[in-house]
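So you can see what is in the structure, the chains are spelled out below.
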Amino acid sequence: MMPPDCCLCEKGRETGDDCELICFERTESDQEWHVRAASDQGFVGHPPECEWFCHGHVATARSLVQQNLALALAHLRKHERWMLIYIDLFDRDTPPLVQKSGVGFESGFLEFWDQMLATIEVNGTRYPSDFRLSFAGELPDYSLERGGCELMAVKTFLSGRNDALAIEQQIAKAQASEMRTQGHPGVVRYLTTLCGQFTEQAAPALLKNRNA
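What you see is a predicted model, and the numbers here were worked out from it, not measured in a lab. (Residues numbered from 1 in each chain as written. Predicted model: local features only at pLDDT ≥ 70, side-chain atom pairs only at ≥ 80, totals over all residues. Heavy atoms only, no water.)

1. Description of the nonpolar core
Item 1. Judged by nonpolar contacts, the single largest core of 33 residues is most densely connected at Phe 109, Phe 112, Trp 113, Tyr 142 and Val 154.
Item 2. Val 154 has contacts with Trp 113, Leu 117, Ile 171, Leu 191, Cys 195 and Phe 198, leaving out every residue within four places of it along the chain.
Item 3. Of all hydrophobic cores here, the second largest spans 16 residues; its members include Cys 6, Trp 52, Leu 64 and Leu 73. (Core = buried A, V, L, I, M, F, W, Y, C linked by side-chain atoms within 4.5 Å. Buried < 20%, exposed > 50% of the residue type's maximum accessible area, 1.4 Å probe, protein only. Contact = heavy atoms within 4.5 Å.)

Now the structure itself:
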């Protein structure tokens, strides 16, 4: 069995992060491996259709389990690459910088929210920093309007909650799902609807029945 290290990032044993083994559709060669393994009691090895994924990439992997492993990984590396771009609003002459990059929409949106929530205080104070999430291919960048209310709404809702990180992960997971099915408009629409529910419902409906 291969060590439990995420195949899409550096997380795993050395970072203290738990990873989950996700299995994909078997190819003919994968099936042959299982036939040999079943007929030989001394046969050992790692199922060829399975790979390890960290918490930030489990949902990403599960979105493609109907494909074989090679096709799924190729799809992710081609279509779900992202870069988190830092924008210095204090020194306008500083060019935008790539702060982090990775694979998988869930991890990209989570990195985006981690950084964006740190640019604002609960009292509304904003720091002179901004971020945008840039994607591979023709997908438009994702960012929040500087004068919009969404960032403050999320910051206020999460403030003081013991499950703040879990909710942040839920938002990232939901936006990733929207990006796959509805594209950029779906991502924007989800957040707008969710922020409206923050003020209307103690337990927003869009956060129910979603695994963190």
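We are not done yet, so read on.
2. Here we look at the packing of helix 2 (residues 55-62) against helix 4 (residues 105-117)
For any two helices packed against each other, the geometry is given by the interaxial angle and the distance between the axes.
Item 1. Orientation of helix 2 relative to helix 4, taken along the N-to-C sense of each, is 140 degrees, at an axis distance of 7 Å. Considering their axes alone, helix 2 and helix 4 lie oblique with respect to each other. Contact with helix 2, carried on its side by Gly 56, His 57, Ala 59 and Thr 60, involves Phe 105, Glu 106 and Ser 107 of helix 4 and no other residues of that element.
Item 2. Split by residue class, the contact of helix 2 with helix 4 holds two nonpolar, four polar and one charged. (Axes fitted to C-alpha atoms, helices over the stretch in contact; angles between N-to-C directions. Helix = DSSP H or I, 4+ residues; strand = E, 2+ residues; numbered from the N terminus. Parallel < 35°, antiparallel > 145°, perpendicular 65-115°, else oblique. Nonpolar A, V, L, I, M, F, W, Y, C, P; charged D, E, K, R; others polar.)

3. Side note on helix 1 (residues 28-39)
Residues separated by three or four positions in an α-helix point in the same direction, a consequence of the helix having 3.6 residues per turn.
Item 1. In this model, helix 1 (twelve residues) spans 17 Å end to end at C-alpha, consistent with the 16 Å of a helix rising 1.5 Å per residue.
Item 2. Residues of helix 1 that are buried include every one of Asp 30, Trp 33 and His 34, and no others. Along the long axis of helix 1, the arc covered by the buried residues comes to 95 degrees, so they all point the same way. Facing away from the buried side of helix 1, by more than 90 degrees, are the exposed residues Glu 28 and Ser 39. (Expected span 1.5 Å × (residues − 1). Arc of directions from axis to C-beta.)

4. Here we look at the environment of Ser 143
Item 1. Its place among the elements puts Ser 143 in the loop between strand 5 (129-135) and helix 5 (150-158).
Item 2. Taking the C-alpha atoms as reference points, Ser 143 and Asp 130, separated by 13 residues in sequence, lie 8.7 Å from one another.

5. Overview of the pairing of strand 5
Item 1. The buried fraction of strand 5 is high, at six of seven residues.
Item 2. With seven bridges connecting them, strand 3 (residues 81-88) and strand 5 associate as antiparallel partners. Residue Ile 87 lies in a different strand from strand 5, and its bridge partner there is Asp 130. (Pairing = 2+ DSSP bridges.)

6. Here we look at the sheet that holds strand 3
Item 1. Spatial strand order, 4-3-5: three strands in an open sheet with antiparallel pairing. Two strands in the sheet have a free side with no partner beyond their single neighbour: strand 4 (97-103) and strand 5. With strand direction ignored, the average angle separating the axes of adjacent strands in the sheet is 20 degrees.
Item 2. As defined by bridge partners, strand 3 adjoins strand 4 across six bridges and the pair is classed as antiparallel. Counterpart to Ile 85 in the pairing with strand 4 is Val 98.
Item 3. Sheet strands touched by helix 4: strand 3, strand 4 and strand 5. Its angle to strand 5, the strand with the most contacts, is close to 170 degrees.

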